[in-house]
Amino acid sequence: MQCDQLADQLAAVAGGDATLDDPEARLHVERCLRCQADLVQYRKLLRALHTLRTEVLEPHPGVLPGILAHLEAAGERHALRSMLTGRRLAYAGGIAAATAAGAAGMLLYASRGKRGSGAIAS
Amino acid sequence: MTEPTAQAELVARSREGDQAAFEELVRATYADTYTLARRLTGNEEDASDVVQESYLRAYRGLHRFRGDAQFSTWLYRITANCAASHMGKRSRRRTEALPDDDAVIDVNPERDPAASAEASVLRDRLETALEGLPDKLRAVVVLRDVYDLPHEAIAAELGISESAAKVRLHRARRQLRDRVFPGRPDAISLLDEEAPRAV
């Protein structure tokens, strides 16, 4: 077995994502100083990466106002959309009501017309 | 960042429509969120855009937050997702020159001041190496090895399979290792410093 064949496995083993289950691979690493040294480097790397978790990078002064302005703008857009949607609904309602009233008027007129012509006939 | 219970209270108030509570939540968490975005994107400008978008998505999706995870973890996942979308749209790729120094540095600063200084150098080199990684590899290694997100969550937020996330992670670790510790390891000196654990 060659060291290069184990390179990705060692990266996984160092992070605890995998174990060397293959007996041949395990034997190789136990006897290979280069692979053992690779593992040591990976562990150093992972420790260093883990320490970054506690580090907070200082945001520049514009970040917070930027977030709040973005939220506010989105809120205003949302309110505007709601308002427009509300108006559209009102317009639609008005048109529907007018149409219904018109239709009712037509029906009434038509029924009166029928009654009128019936009276003349009798 | 505020205590989880205080955050939970702010989240509860925000969900009831209290905008001041959400603003307070933003103030309490934005530095951490920015840090994650900065690490994921590798630069300030993209990080600012990602953070803005993340809070907007969080605000809109607050009713979906069930509270079974910490708010910060939920926000990290949103930030990871936003960063992935943002970086997907961005065409340019940052490739910065890496230091050509082959020294191997101990990261345990408690031993002595020299070790502390060396740890600081290691951290600088790590930061540079992280920024030089391709975006897709950097995202996975930051989310897994810095923020401890499970593979499943990383895969979900980046829109890839779990096995693809693992492949990227191992590739990222290899590239970081090669950049932070250039040259083949001096096996004997390394093993003198730290006895290898059972493999």
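Residues numbered from 1 in each chain as written. Chains lettered and ligands numbered in written order. Predicted model: local features only at pLDDT ≥ 70, side-chain atom pairs only at ≥ 80, totals over all residues. Heavy atoms only, no water.

Caption draft 1: Molecular detail of the interface of chain B and chain A. The interface of chain B with chain A comprises 57 residues on the first partner and 44 residues on the second. Note on chain B versus chain A: buried area summed over both sides is about 5000 Å², and carbon and sulfur give 63% of it. The tally of links between chain B and chain A comes to 6 salt bridges. Two residues, Arg123 of chain B and Glu55 of chain A, come together in a salt bridge whose shortest N-O distance is 2.1 Å. Counting every contact that joins chain B to chain A gives 11 residue pairs in polar contact (both at pLDDT 80 or more). At the level of secondary structure, the elements contributing two or more residues to the side of chain B that touches chain A comprise α2 (19-41), α3 (44-60), α5 (113-132), α6 (135-146), α8 (162-180) and α9 (187-193) of chain B. Top element by residues in the side of chain B that touches chain A is α2 of chain B. It accounts for 11 residues. Here the residues of the side of chain B that touches chain A sort into 31 nonpolar, 5 polar and 21 charged. (Contact = heavy atoms within 4.5 Å. Buried area = accessible area lost by both parts, 1.4 Å probe. Salt bridge = Lys/Arg side-chain N within 4 Å of Asp/Glu carboxyl O. Polar contact = N/O pair within 3.5 Å; in protein donor to acceptor, adjacent residues only side chain to side chain. Helix = DSSP H or I, 4+ residues; strand = E, 2+ residues; numbered from the N terminus. Nonpolar A, V, L, I, M, F, W, Y, C, P; charged D, E, K, R; others polar.)

Caption draft 2: Just the nonpolar core, in detail. In this structure, Leu49 of chain A together with Val26, Val141 and Leu176 of chain B are the most contacted members of the largest nonpolar core, which totals 75 residues. For this core, the leading source of residues is α2 of chain B, giving 9 residues. The contacts of Leu176 of chain B, once residues within four sequence positions are left out, are Leu45 and Leu49 of chain A together with Leu126, Ala129, Leu130, Leu133, Val141 and Phe181 of chain B. (Core = buried A, V, L, I, M, F, W, Y, C linked by side-chain atoms within 4.5 Å. Buried < 20%, exposed > 50% of the residue type's maximum accessible area, 1.4 Å probe, protein only.)

Caption draft 3: Summary view of the layout of surface pockets. Residues and elements named next belong to chain B. Here the largest pocket defines a volume of roughly 350 Å³. For the largest pocket, the lining is made up of 14 residues, of which Arg64, Trp74, Arg77, Ile78 and Glu157 are closest to its centre. At 5 residues, helix α4 (residues 71-89) tops the list of elements feeding residues into the lining of the largest pocket. (1 Å grid on protein atoms, 1.4 Å probe; cavity = no way out; pocket = protein on both sides within 12 Å on 5 of 7 lines; lining within 4 Å. Points joined across faces, edges and corners; volume = space filled by probe spheres on them.)

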